[in-house]
Each structure stands twice: as structure tokens, then as C-alpha cells.
Amino acid sequence: MGKIIVPGKEILIPRVVVRPLLPPPPTFSARLQPQHLHWQVGRYKERLTSGPGGLGREKIWVVEKEAEQHNLILTQTYDALIPSSGFASLADYAVVGTGSTPPNATQAGLVAEVARTNAGVSGEPDTIARQSTSGPGVGTFIITKKREFTEAQVGGRNLTEWGFSPSGSAGGNLMTRELFRDGLGNPVVISLASDQRLRLIYAYQVSYSPNAGAPQDASINIANLGTFAGKVFATRYYNAYDSGMGDLYLLSWWAMAYVGNNIDALYFYPLDAYKAPNLDSQFGNYSSPVGYQITSGMFTAITRGRKINAITIPATDYNRDIYGFAIIRYSGSSHVGGFALAFNSGVKFTKSNLYKLVVGEWTLTWGP
């Protein structure tokens, strides 16, 4: 308390202490949202071709019926499938069946599954498309899977429902389920002749923030040194690997608590220089692991998320200027993606062998 002295009386007043608001600790959030399904019924037909070698024959895909439709993501995708399969492999298998129950987010599988496949379409690979290389769209991806059922799998059947799954095993492991619908959204029965095939082309969207196009203020607490503020963002470096989608795969590894060998794992690394938010920023030596490998005991599962626990740097390590910290993904002996809290320009601290560092936890959450 403070006081004001007035002749003849004493007035007590409360003492008000104002402390600056600090940014939150480094936290990343991901969203998984449906896009659309394009289904096609057709046949492969031969046609004559001509070229330098003369006449020949080739088979081409002829579409005889098709439609595009919307869908929903099942609840179990967020609660169980992302923690086990990450984001990029959720729709590796297409599934079809004969049930007619309307879709509901609480469902887990088809009502009456008859076939599933991970067979792709020849000459038309799956794609992951980053929506932008600048601005907030840097952290948004459209993932497209193309799957084809053969005549032996679906020929002569009357199909009414479909789904996608990360698993090749039949059962309740779908990330999406829907009825087949026409272009107006009405449920339809797809009746296939004995020599017809079915193609399913499915797209879904994954996005995360903060990212290099939209970094966010954050801070991290270092025991006995205080709180250091900077920018949180992600990098895809080395962009010639994983088709430049290293940040997406890092997101999957973090969600899965992936632990590989010493050259195929996540690492925690104290930054050795100031790093501006940039999709192609390099953290550490791109060609060999640096820092501390994140092992299974360093992850903690939370509801629709996963934490990397506080990390201790012993007194004997990294005795130099430190400009921030990063979670780096190494795969195939290359740095291929990283999430960083890079201190603001001009901010650093110097670590000596007189003390160790305890760096606070990092958090990834996800949802629709």
C-alpha cells in the first residue's frame, strides 16, 4: 500500500503494479477440412495410334458416367487417425460399399464394405499443392488422391457408399464417409457392368498457422534467464526434397510423435543466427543432424494435439550466442522442414558453461 499525508489525516491508497503482457509460448495449430469427391465410371478402350515406329494400339480411359460431390470429415479422424497417421496419408485407401445410411460425423466405417484399394491411376499421380508461396496461403495445402477399382473388385455391383482411410484393413477406420450422389446432391446407386471400373478422385485441405507468410508473435521462457520474444513460423527447407512440402511432413511427424533413427527424426536446435520469417530459411546444417533428437518420452498427447515437453540443454553444450530455437525434421540425412521461434532482430543471449538451459514446451493442436 502507499499513503498520502494530509495535515490532520492519513489516506491509504492501493499500490497498482503494471506488468507488460507477453506473447504466448510457441504454439502451432492445424486444420483439416473436406473439399470434394469426383467419381467416374468407365472403361479402358483401345485406339489406333501412329508415330515414328508406325501404327500401334493404346488403351485410353473413357468416362461413361461421373459427378462431383461434397463430403464430411469423421470425428474419429481428429481424435484417433491424425495421431496415428498424420495429415498426408489419411486418404491412402479408397473404400466402397452397399449401405444406404445417411452420413454422420460420428460414424467410423461403411455400413456394408465390399472393397478397398490403394491402387493409383497410371500416369496421374497423387498431388499435394501448396496454395501460395507468400502470405497466409503458404500454410495451406490441397491433397488429392486418385484411386481406381478394377472390374474384379466392383464389376457387376450396385454401389451406394464410399469413404477413404489411411488403412488397408477393412473396418471402422475411415476419415470420411458419404453416399454416392449426383451433381445435384441426390443419393444415387452406381450400377457397374461386369467390364466397368470405378475411379474416385478425392481432395481435402490441410492448413496450419503460424507460417512463414503469416508469422506470429510468441515468447519462450528460459529458466533463470527470463522470457524472450520473437516470431514463430515454419520453413520447408531443403525445398528440393519431398517436393518442397517439408513443413507439411514435419507437421505429420509431430502429430504422430514420430521417432525414427538418428538421421530420420525430429531435432530440437538452438539457432546460431538471426532468422527472418521465410519459407526457405535454413536452421542449422542442412546435410547432417544437429541439436537434440526428440525421443518418444519427450512427447505428451493432449486432446486433439501433442506437446513437445520442456527440453534441457546441459552446461557443456551450445556455449555461444543463441538467437532462438527450432524443431527441425531430418529425413534422408537432409534438413527438410522446421518450426522456429526466432528472436526478434538484435535479440540474443550468450550461454556459458556456468549454467544449463531449460526451454519451455512447444504445442501442436488440430481440428476442423
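Scroll up for the structure.
These numbers come from a predicted model, not from an experiment.

What counts, and where the lines are drawn
- Residues numbered from 1 in each chain as written.
- Predicted model: local features only at pLDDT ≥ 70, side-chain atom pairs only at ≥ 80, totals over all residues.
- Heavy atoms only, no water.
- Buried < 20%, exposed > 50% of the residue type's maximum accessible area, 1.4 Å probe, protein only.
- Helix = DSSP H or I, 4+ residues; strand = E, 2+ residues; numbered from the N terminus.
- Pairing = 2+ DSSP bridges.
- Salt bridge = Lys/Arg side-chain N within 4 Å of Asp/Glu carboxyl O.
- Polar contact = N/O pair within 3.5 Å; in protein donor to acceptor, adjacent residues only side chain to side chain.
- Contact = heavy atoms within 4.5 Å.

## Considering the pairing of strand β5 (residues 93–97)
And step 1. With respect to burial, β5 is a largely interior element, four of its five residues being buried.
And step 2. Bridge count for β5 against strand β10 (residues 161–165) is five bridges, and the pairing is antiparallel. Residue pairing in the sheet places V95 in a bridge with G163 of β10.
And step 3. One ladder, built from four bridges, connects β5 with strand β6 (residues 113–117); its direction is antiparallel. Bridging across to β6, V96 finds its partner in A115.

## Considerations on the pattern of salt bridges
And step 1. What the rule picks out here adds up to 20 salt bridges.
And step 2. Of the charged contacts in the structure, one is a salt bridge between R197 and E148, with a shortest N-O distance of 2.8 Å. With R197 in strand β13 (residues 197–209) and E148 in strand β8 (residues 140–149), this pair connects stretches of sequence that are 49 residues apart.
And step 3. Across the pair R236 and D280 runs a salt bridge whose closest N-O atoms are separated by 2.8 Å. Of the two residues, R236 sits in the loop between β15 (226–235) and α3 (246–256) while D280 sits in the loop between β16 (264–270) and β17 (292–293), which places them 44 residues apart along the sequence.
And step 4. Relative accessible area serves as the criterion here: at 16%, R236 is assigned to the buried category.
And step 5. By sharing partners, the salt bridges in this structure join E124, K146, E148, E151, R197 and R199 into a single network.

## A closer look at the side chain of R197
And step 1. A distance of 2.8 Å separates the side chain of R197 from the side chain of E148, its partner in a polar contact.
And step 2. Looking at R197, its side chain comes within polar contact range of the side chain of E151, at 3.0 Å.
And step 3. Each residue touching R197, except ones within four places of it in the same chain, is listed here: Q40, V41, G42, Y44, W61, E148, F149, T150, E151 and L192.

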